[in-house]
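Chain by chain, the residues run as shown.
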Amino acid sequence: MALFSKKTEEKTEFTVLPRHIGIIMDGNGRWAKKRGMPRTYGHKAGAEVFKKISRECGRLGIEEATFYAFSTENWKRPQEEVDTLMSLFKDYLLEAKADMEASGNLRVRFVGERDGMSEELIRLMDEAEENTKDRNGTLINVAVNYGGRQEIVSAVNSLIASGKTEITEEDISSAVYTMADCDLIIRPSGEERLSNFLLWQAAYSEFWFSDVLWPDFSEKDLHLALAEFEKRNRRFGA
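Scoring rules and cut-offs
- Residues numbered from 1 in each chain as written.
- Predicted model: local features only at pLDDT ≥ 70, side-chain atom pairs only at ≥ 80, totals over all residues.
- Heavy atoms only, no water.
- pLDDT = per-residue confidence, 0-100.
- Helix = DSSP H or I, 4+ residues; strand = E, 2+ residues; numbered from the N terminus.
- Contact = heavy atoms within 4.5 Å.
- Salt bridge = Lys/Arg side-chain N within 4 Å of Asp/Glu carboxyl O.
- Expected span 1.5 Å × (residues − 1).
- Buried < 20%, exposed > 50% of the residue type's maximum accessible area, 1.4 Å probe, protein only.
- Arc of directions from axis to C-beta.
- Polar contact = N/O pair within 3.5 Å; in protein donor to acceptor, adjacent residues only side chain to side chain.
- Phe/Tyr/Trp six-rings, centres within 6.5 Å; stacked < 30°, edge-to-face > 60°.
- Pairing = 2+ DSSP bridges.
- Right-handed = clockwise from strand over helix to strand, strands pointing away.
- Axes fitted to C-alpha atoms, helices over the stretch in contact; angles between N-to-C directions.
- Parallel < 35°, antiparallel > 145°, perpendicular 65-115°, else oblique.
- Left-handed = near helix turned anticlockwise from the far one by under 90°.

Chemist: Is there a simple way to explain the confidence of the model for the protein in this structure?
Modeler: Caution applies to low-pLDDT parts of the model: their predicted coordinates are not meant to be read in detail. Mean pLDDT over the protein: 87, with 90% of residues reaching 70 or higher. Considering each helix and strand of the protein separately, the mean pLDDT is smallest for helix 3 (residues 79–102), with a value of 73, and largest for strand 5 (residues 184–187), with 98. Scored below 50 in pLDDT, residues 1–8 shows 21 contacts in the model against residues more than four places distant or in partner chains.

Chemist: Mind showing me how you'd approach the pattern of salt bridges here?
Modeler: Note on pairing: side chains with opposite charge can pair once their charged atoms come close. Applying the stated criterion across every chain yields a total of 17 salt bridges. For D26, the salt bridge goes to R30, with nearest N and O atoms at 3.2 Å. Where salt bridges share partners, they join D26, R30, R187, E191 and R193 into one cluster.

Chemist: What is the right way to read helix 4 (residues 119–132) from this model?
Modeler: Given 3.6 residues to a turn, an α-helix orients residues that are three or four positions apart in the same direction. Between its first and last C-alpha, helix 4 extends 20 Å over 14 residues, near the 20 Å set by a 1.5 Å rise per residue. The complete set of buried residues in helix 4 reads L121, L124, M125, A128, E129 and T132. On an axial view of helix 4, the arc spanned by its buried residues comes to 135°, and they lie on one face.

Chemist: Would you take a moment to explain the environment of W200 for this structure?
Modeler: Within the fold, W200 resides in the loop between strand 5 and strand 6 (206–209). In sequence terms W200 and S173 are 27 residues apart; their C-alpha atoms lie 7.8 Å from each other. Those residues in contact with W200, other than ones at most four positions away along the chain, are I152, E169, I172, S173, V176 and A180. Separated by 3.0 Å, the side chains of W200 and S173 make a polar contact.

Chemist: Which parts of the structure should I look at to understand the side chain of E64?
Modeler: Relative to the elements of secondary structure, E64 occurs in strand 2 (residues 64–71). Judged by its relative accessible area of 4%, E64 falls in the buried class. A polar contact is formed between the side chain of E64 and the side chain of R109, at a distance of 3.4 Å.

Chemist: Explain the packing of aromatic side chains to me, please; I cannot follow it from the model alone.
Modeler: Any aromatic ring pair is given by two values, namely how distant the centres are and how the planes are angled relative to each other. Taken as a whole, this structure holds eight aromatic pairs when the rule is applied. An aromatic cluster is defined as three or more aromatic residues linked by ring pairs; in this entry it consists of Y68, Y146, Y177 and F197.

Chemist: For this particular structure, what's the right way to read helix 5 (residues 148–161)?
Modeler: In this model helix 5 runs 20 Å from its N-terminal to its C-terminal C-alpha over 14 residues, within 8% of the 20 Å that 1.5 Å per residue would give. The set of residues buried in helix 5 consists of G148, Q150, E151, A155 and L159. Along its buried surface, helix 5 packs onto strand 4 (139–146) and helix 6 (169–175).

Chemist: Sorry if this is basic, but what is going on with the pairing of strand 3 (residues 107–111) here?
Modeler: In terms of strand pairing, strand 3 meets strand 4 through five bridges, oriented parallel. Directly across from F110, in strand 4, lies its bridge partner V142. Handedness of the crossover joining strand 3 and strand 4 through helix 4: left-handed.

Chemist: Is there a simple way to explain the side chain of E230 in this structure?
Modeler: Looking at the secondary structure, you find E230 in helix 7 (residues 219–231). Among the polar contacts listed, one links the side chain of E230 to the backbone nitrogen of V16, at a separation of 3.1 Å.

Chemist: Got a minute to help me understand the pairing of strand 1 (residues 20–24) in this structure?
Modeler: The side chains of a regular strand alternate between the sheet's two faces. Taken across its five residues, strand 1 has five buried, putting it largely inside the fold. Two strands pair when backbone bridges link them, and strand 1 and strand 2 are joined in this way by five bridges, in the parallel orientation. By the bridge assignment for strand 2, G22 is matched with T66. Pairing between strand 1 and strand 5: three bridges, direction parallel. Within strand 5, the position partnered with I23 by the bridge is I186.

Chemist: What is the right way to read the packing of helix 2 (residues 39–60) against helix 7 from this model?
Modeler: The angle between the axes and the distance between the axes are what describe a pair of packed helices. Put simply, helix 2 and helix 7 touch, their axes get as near as 10 Å, and they point 50° apart. By the angle between their axes, helix 2 is oblique relative to helix 7. Like other packed secondary-structure pairs, helix 2 and helix 7 cross with a definite hand, here right-handed. In this structure, helix 2 uses K52, I53, E56, C57, R59 and L60 to contact helix 7, whose residues at the interface are E219, L222, H223 and L226.

Here is the structure:
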């Protein structure tokens, strides 16, 4: 059962929007299994939904959106599935320029570790970031080879390397990959956990869970999540 009712009337315009949202793109494998297809089929469908929801975040004017695409733990999946994910990622990067031009003023950035990624993928990632860096629309963070714990460790190590001998919360917030605070985290697929996603940034996040599997996630589902967010009384621990 979803944590929040899906009966909320859809809204397409909002008076209060989160500055930064995080989306865990979950349920591709189960979506494919329900159709008697291999998990790779679900990942291909999910990649198209990512593009659609990215564009909608841009249309709505959300400042930053971080999509959990490939975790550090995902390397443990069957090799065929990993290869398909990397191939889809390459296809996205090859199409990124046209996609970004068609979607307006979106910027793209890739967050996570580069270790284990091919030289070709790293080059394409760098090119996509360079080609969109001067835009001032929604920043789309694609979390690839990403883990929340690894991100915090990386931030601390970079601060130590810079000469810091005493590290504050503000220091870590300035050193993590994305905007320090994530206002809203969306997870479809019926699971209700973070799965090592944006651990530092989620300290005061609002959460929205849904039973919808990611390949079936639509702009309407995004609007429902944003409508719930708009109702929240955020007290930030006070």
